[in-house]
Amino acid sequence: MHLLLTIAWRNIWRHPARSGVLIAAVAVGLWAAVMVIGWANGLMQQRMDYVIERELTHLQIHHPDFPDDGHPWDHIPDHNQITSWLDDHPQVRSHASRTITDGMLQSPVKTSGVRIRGIDVAAETRTTTFHENMVQGEFLDADLSNPAIISRILADEHNMRIGNRIVLTFENVDRELTSSAFHIAGLFTSASSEYDKRNIFVRSKDLTEILAGRPIFHEIGVMLVHEIETEAFVAMLNKHFEDILAQTWRELSPELSMIVELGDVMILLISLIIMAALGFGILNTMLMALFERMRELGMLLSIGMSKVRIFCMIMLEALILTFSGALIGMALAWLSLHHLGQTGINLEMFAQGAALIGFDYLIYPFLSIGDFLLMSLVVVSVTLAASLYPALKAVRIHPLEAARDA
Amino acid sequence: MPIVQTENLTKVYNPETVPVHALRNVSITIDTGEFTSIVGPSGSGKTTLLNMIGGLDKPTSGTVLVDGVNVTRLKDRQLINFRLKNIGFVFQHFNLIPVFTARENVSFIMLLQKKDKKEMRQRTDELLEAVGLGSLKDARPREMSGGQQQRVAVARALASRPRFILADEPTASLDTRAAMNLLDIMLRMNHEEQVTFIFSTHDQRVIDRARRVITMVDGIVEADEHRK
């Protein structure tokens, strides 16, 4: 083994530039794969966290008809019984009840169709991070009658400012149209411009008074201690309570679930492309090295070096090159991920396009240690697989190659 | 005592398309300790004959007995092992391992034979001194002249204490002085180490110093001359 290691090591440094290029290719390949996956992970996680933590929550409870119809009279029966049960359950981190109805926003400039969301400020702040979207004014705790917060986009469209009055028109639980004036207490901006255009927030107690004259709730958003328990918890809720429909975030937002799944497929495809490029690069370099040494390998076979040893020698060369490149690549990738995981990758120039599809322009890439090691293993495996053909070709060289003219 | 015997050795290349008869019923016997040159013009079959004797190529028909073993019947793996233990090779283009020093090139074959380290070091130093390269033990092939490289190749071929050495045109890439010097070394080793040398050549300077000259023409042994 020592003999093979020595000869393999010396052979590697026979052409320092070529070996350097191969080591760099492995390092860059690994770095690129890790960064692409880290970036895609960050993008997906950011979108998931954003949607789940800012508004959607891990699961939601509705009246069974509400998700499809959105009628204000389809409110949650036995609301207090459910919230008491949730309060006592150790798997639940927090929950927030919401009163929701669809209506019209009227201003002197125009009229827009909006979803009016009545929230309890304290419960909402405990459960979601929506309040972090506030860019101006206060989060419904203003000393105004019927305060409302709208998005900056909507405010600009309606030429409204903080303190201005807006009129919201909607159907009440008796199926009668009713209008009420609200005052803009603050402005928010989320990552999705489409969401911003369609949602208005008011206090739950103000909205429920107009809708029904008593507290009614259409939605309970629940955050669990561990996201992974969501599906089991939803099943338990649906079994435990009648006349409600509990749904996971995946069911509530299939597009988000699809984005996550699509992201996984994209990661796989990008990784495959990078690995294929890396594999062919290594194959080419190892074959070049082999063709240059045909006579020498023929001589080794002539004087009595076994084919197994020649095979091992070529594979060892590939292994040393790969491990050197992989170690450099892993170190670079770890440093890059560590740094960019804190500062984020700033894609501000694409901010407008990203906002349209609900993504933030600041992406924090990350990769789990398991994925990191798996990626390194894949790179090493690809390199070894790519070296297999040259190594097998080397053992098929005829000893007579040694006698051929150069 | 014969070390190499060929019986009706025939080699035909491209037998099914355009047959080329490289060897035709060659039968020779070479005894231990001989210093034999196989001579003839290009294409006469001398290199093919050496390749058959060294087990580097298979004949179309006939047998090659080396020390009583029919090498034509050995399988690839057995042949490699057989060559490692019994045959030393010297090639026209030296074929040293460029990333190894002279010392490493010589000791390499003993490493393959798993020889004792101390014995290996001693034998390497002795051989390099014997071929006049005691001062170039740590030089790499690119730091040596052609003649010096070929002397390392001879030392390498002797390192494994083979039964005989096959050398294909060993002086073809050397100038006269280097060729004569190499020949002196080979003759001395033949005498001191009692190693049989079989080499192909068309260099008259080498032919003149051989003790036996087998002349080949068109794949046939035309003459076999023993000299004193």
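One can find the structure itself at the top, above this paragraph.
A brief look at the structure comes next. Predicted model, so just to flag it, every value in this text is computed and none were measured.

**Comments concerning the overall build of chain A**
Tallying secondary structure elements over chain A gives 15 helices and 12 strands in all. Reported as C-alpha extents along the three principal axes, the dimensions of chain A are approximately 100 × 50 × 30 Å. Every one of the 406 residues in chain A was classed for burial, and the buried ones make up 53%. Contacts spanning at least 24 positions in sequence make up 77% of the contacts within chain A whose residues lie at least 6 apart.

**Topic: the nonpolar core**
In this structure, Leu300 of chain A together with Leu49, Phe108 and Phe164 of chain B are the most contacted members of the largest nonpolar core, which totals 127 residues. Element by element, the count of residues in this core is highest for helix H13 (residues 307-343) of chain A, at 11 residues. Setting aside chain neighbours within four positions, we find Phe164 of chain B in contact with Ile3, Val4, Ile53, Val66, Asn86, Ile87, Gly88, Val195, Thr196 and Ile198 of chain B. The next biggest cluster of nonpolar side chains, apart from the first, holds 21 residues, and it includes Ala148, Met160, Leu187 and Ile216 of chain A.

**Focus on the interface of chain A and chain B**
Contact residues are listed per partner, giving 26 residues for chain A and 25 residues for chain B. Taken over both partners, the interface formed by chain A and chain B buries close to 2300 Å², and the fraction arising from carbon and sulfur atoms is 65%. Our enumeration of links across chain A and chain B arrives at two salt bridges. Remark: the boundary between chain A and chain B carries seven residue pairs in polar contact (both at pLDDT 80 or more). The set of elements that each furnish at least two residues to the side of chain A that touches chain B consists of helix H1 (2-12), helix H12 (294-303) and H13 of chain A. Ranked by the residues each element gives to the side of chain A that touches chain B, the list is headed by H12 of chain A, at seven residues.

**A word on helix H6 (residues 176-192) of chain B**
Residues and elements named next belong to chain B. Look at H6: 24 Å from first C-alpha to last across 17 residues, which is about the 24 Å you get at 1.5 Å a residue. All of the buried residues along H6 are Ala178, Ala179, Leu182, Leu183, Ile185, Met186, Leu187, Met189 and Asn190. Contacts made by the buried residues of H6 are with strand E3 (35-39), helix H4 (117-130), helix H5 (146-159), strand E8 (196-201) and helix H7 (204-209). Following H6 by one or two positions, Gln194 adopts a phi angle in the positive range, close to 55 degrees.

Basis of the calculations
Residues numbered from 1 in each chain as written. Chains lettered and ligands numbered in written order. Predicted model: local features only at pLDDT ≥ 70, side-chain atom pairs only at ≥ 80, totals over all residues. Heavy atoms only, no water. Helix = DSSP H or I, 4+ residues; strand = E, 2+ residues; numbered from the N terminus. Buried < 20%, exposed > 50% of the residue type's maximum accessible area, 1.4 Å probe, protein only. Contact = heavy atoms within 4.5 Å. Core = buried A, V, L, I, M, F, W, Y, C linked by side-chain atoms within 4.5 Å. Buried area = accessible area lost by both parts, 1.4 Å probe. Salt bridge = Lys/Arg side-chain N within 4 Å of Asp/Glu carboxyl O. Polar contact = N/O pair within 3.5 Å; in protein donor to acceptor, adjacent residues only side chain to side chain. Expected span 1.5 Å × (residues − 1).

All quantities given are derived from atomic positions and should not be read as evidence of function.
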